[in-house]
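Chain by chain, the residues run as shown.
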Amino acid sequence: MQVIYVLDNENNLKEELQKRFSNENKVKFKKIKINNLEDALRNIPSLIIINEDNLNEDAAETCKKIKQNEDNAITPIIVVSKEHSREHKLDILDRKSTRLN
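Everything numeric here is computed off the predicted structure, so don't read it as measured data. (Residues numbered from 1 in each chain as written. Predicted model: local features only at pLDDT ≥ 70, side-chain atom pairs only at ≥ 80, totals over all residues. Heavy atoms only, no water.)

Trainee: Would you mind going over the pairing of strand S4 (residues 77-80) with me for this structure?
Mentor: Across four bridges, strand S3 (residues 47-51) lies against S4 in parallel orientation. Residue Asn51 lies in a different strand from S4, and its bridge partner there is Val80. Following the chain from S3 across helix H3 (residues 59-68) to the adjacent parallel S4, one finds a crossover that is right-handed. (Pairing = 2+ DSSP bridges. Helix = DSSP H or I, 4+ residues; strand = E, 2+ residues; numbered from the N terminus. Right-handed = clockwise from strand over helix to strand, strands pointing away.)

Structure, rendered in structure tokens:
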């Protein structure tokens, strides 16, 4: 079973993903709120999807927190955002790829 965390304050993205992957019995989506991130990272998910548009925290900082967690330093992260600026995309990529010790 592959567990995919959806970091979001709403259920819309998780529900949409569940519909699209309803035929996949080896994939489970679990919604996580930002204030439960530290506890959730202990379970080492297969993938983390961050819905930046529904968070109260900067997605780049959230990526940084995830990568600083030793067990999740290589966990893939997808950031969903309406922000299209080049600078924003580069900032997200920088934080996703940098692991601080």
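Trainee: Please clarify how the nonpolar core should be interpreted in this entry.
Mentor: Among soluble globular proteins, nonpolar side chains are generally buried collectively. Of all hydrophobic cores here, the largest spans 14 residues; its most connected members are Leu7, Leu37, Ile48, Ile50, Ile66 and Ile77. Taken together, the elements giving at least two residues each to this core come down to strand S1 (2-7), helix H2 (37-41), S3 and H3. Beyond its immediate stretch of four places on either side in the chain, Ile66 contacts Leu37, Leu41, Ile48, Ile50, Asn72, Ala73 and Ile77. (Core = buried A, V, L, I, M, F, W, Y, C linked by side-chain atoms within 4.5 Å. Buried < 20%, exposed > 50% of the residue type's maximum accessible area, 1.4 Å probe, protein only. Contact = heavy atoms within 4.5 Å.)

Trainee: Please clarify how the environment of Ala73 should be interpreted in this entry.
Mentor: On the secondary structure map, Ala73 appears in the loop between H3 and S4. Judged by its relative accessible area of 16%, Ala73 is buried. For the pair Ala73 and Ile44, spaced 29 residues apart in sequence, the C-alpha to C-alpha distance is 9.8 Å.

Trainee: How should I be thinking about the side chain of Thr75 in this particular structure?
Mentor: As for its placement among the helices and strands, Thr75 is situated in the loop between H3 and S4. Looking at Thr75, its side chain comes within polar contact range of the side chain of Asn72, at 3.0 Å. When near neighbours in sequence (up to four residues on either side) are disregarded, Thr75 contacts Pro45, Ser46, Leu47, Ile48 and Lys67. (Polar contact = N/O pair within 3.5 Å; in protein donor to acceptor, adjacent residues only side chain to side chain.)

Trainee: Would you take a moment to explain the pairing of strand S2 (residues 27-32) for this structure?
Mentor: A regular strand places its side chains on the two faces of the sheet in alternate fashion. Note that S1 and S2 share six bridges and pair parallel. In the sheet register, Tyr5 faces S2, and the bridge partner there is Lys30. At this point the chain moves from S1, through helix H1 (residues 12-20), to the parallel S2, and the crossover so formed is right-handed.

Trainee: Looking at this structure, I do not really get the packing of aromatic side chains. What am I missing?
Mentor: In this description, a pair of aromatic rings is defined by centroid distance and the angle of the planes. In this structure the tally under the stated criterion is one aromatic pair. Between the aromatic rings of Phe21 and Phe29, the centroid separation amounts to 5.6 Å while the plane-to-plane angle is 50 degrees, which identifies the pairing as tilted. (Phe/Tyr/Trp six-rings, centres within 6.5 Å; stacked < 30°, edge-to-face > 60°.)

Trainee: Help me understand unusual backbone geometry, please; the structure alone is not making it clear to me.
Mentor: Peptide bonds are, in most cases, trans, and in most cases residues other than glycine have a negative phi. Positive phi values are uncommon outside glycine, yet Ile44 reaches one of about 50 degrees. Locating Ile44 in the fold gives a position in the loop between H2 and S3.

Trainee: Explain the pattern of salt bridges to me, please; I cannot follow it from the model alone.
Mentor: Charged atoms that come close allow side chains of opposite charge to pair. Going through the model one piece at a time under the given rule, you end up with three salt bridges. We note a salt bridge from Glu16 to Arg20, for which the minimum N-O separation is 2.7 Å. Of the two residues, Glu16 and Arg20 both sit in helix H1, four residues apart, roughly one turn of that helix. Take Arg20: its relative accessible area is 65%, and that puts it in the exposed class. Residue Arg42 pairs with Asp39 through a salt bridge whose shortest N-O separation is 2.8 Å. (Salt bridge = Lys/Arg side-chain N within 4 Å of Asp/Glu carboxyl O.)

These values are about where atoms sit, not about what they do.
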